[in-house]
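In case you want the letters, here they are:
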Amino acid sequence: MFQGSSALTLDAKGRVTVPTRHRDVLAAQCEGRLTLTRHPDGCLLVYPRPVWEAKREQIAALPMQARALQRLLLGNAQDVELDGAGRVLVAPELRAAAGMTREVMLLGMGAHFELWDAAALARREAEDLAQNMAGVLDQFSF
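These lines cover the structure that appears in this document, whether it is placed above or below. It should be emphasised that the depicted structure is a prediction, and the values quoted were computed from it without experimental measurement.

**Let's talk about the overall build of the protein chain**
Looking only at helices and strands, one finds 6 helices and 8 strands in the protein chain. In terms of overall size, the protein chain behaves like a compact globule, its C-alpha atoms giving a radius of gyration of 16 Å where 142 residues would be expected to give roughly 14 Å. Counting all 142 residues of the protein chain, 38% fall into the buried class. In the protein chain, the proportion of contacts linking residues at least 24 apart, taken out of those at least 6 apart, comes to 58%. In the structure as shown, the protein chain presents an accessible area of about 8,300 Å², 53% of it carried by carbon and sulfur atoms. Between the centroid of the 16 positive side chains of the protein chain and the centroid of its 17 negative side chains there is a distance of 5 Å.

**A word on the pairing of strand 7 (residues 103-110)**
Extensive coverage of strand 7 is indicated by the burial of 6 of its 8 residues. In this sheet, strand 7 lies alongside strand 1 (residues 2-9) in antiparallel orientation, the contact comprising 8 bridges. What sits directly across from Gln3, in strand 7, is Met109. Bridge analysis of strand 7 against strand 8 (residues 113-117) gives 5 bridges, and the strand direction is antiparallel. By the bridge assignment, Leu106 is partnered in strand 8 with Leu115. Remark: 2 residues form the turn of the hairpin made by strand 7 and strand 8, two consecutive strands paired antiparallel.

**Concerning the nonpolar core**
Within the largest apolar cluster, 22 residues are counted, with the highest numbers of intra-cluster contacts made by Leu26, Leu34, Val90 and Leu115. For this core, the secondary structure elements donating two or more residues are strand 1, helix 1 (20-30), strand 3 (33-38), strand 4 (44-48), strand 7 and strand 8. With 6 residues, the next largest nonpolar core counts Met105, Leu107, Ala120 and Leu121 among its residues.

**Structural notes on helix 3 (residues 67-74)**
Listed in full, the buried residues belonging to helix 3 are Gln70, Leu72 and Leu73. Looking straight down helix 3, one finds its buried side chains confined to an arc of 165 degrees; they lie on one side. Facing away from the buried side of helix 3 by more than 90 degrees, the exposed set consists of Ala68 and Arg71.

The rules behind each value
Residues numbered from 1 in each chain as written. Predicted model: local features only at pLDDT ≥ 70, side-chain atom pairs only at ≥ 80, totals over all residues. Heavy atoms only, no water. Helix = DSSP H or I, 4+ residues; strand = E, 2+ residues; numbered from the N terminus. Rg over C-alpha atoms; globule rule 2.2 N^0.38 Å. Buried < 20%, exposed > 50% of the residue type's maximum accessible area, 1.4 Å probe, protein only. Contact = heavy atoms within 4.5 Å. Areas by Shrake-Rupley, 256 points an atom, 1.4 Å probe, with all protein chains shown as cover. Lys, Arg positive; Asp, Glu negative; His and termini not counted. Charge placed at Lys NZ, Arg CZ, Asp CG, Glu CD. Pairing = 2+ DSSP bridges. Core = buried A, V, L, I, M, F, W, Y, C linked by side-chain atoms within 4.5 Å. Arc of directions from axis to C-beta.

This is the structure:
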């Protein structure tokens, strides 16, 4: 299970270094093979390849009403691998789609990650908090 956030920087080639605490798990779990794709919220999803393969089957099996979601997730999916320095290349089209510039945030979300432009995540979190999350909090206790 991946959790926590990491402030990271895209290098000039569009690569991001995966934090060591996650890199070791990813090396053991999937030999550093990942899949990146778009998320409807405006970030990128980062899946260990075996997790993505199961998710891909679920997405492909969705009914025709979900064609737009299939296009977004499957049509933008790109397989990548951790390089020797623990970096992954985020393709230019994915960076552009997520509005990524230089400063990014990697969020552990259980079985996968979200990769956000840092400023976009800050705006999103402020919006979410302003909406009070009442419906969700009705079903959750701290």
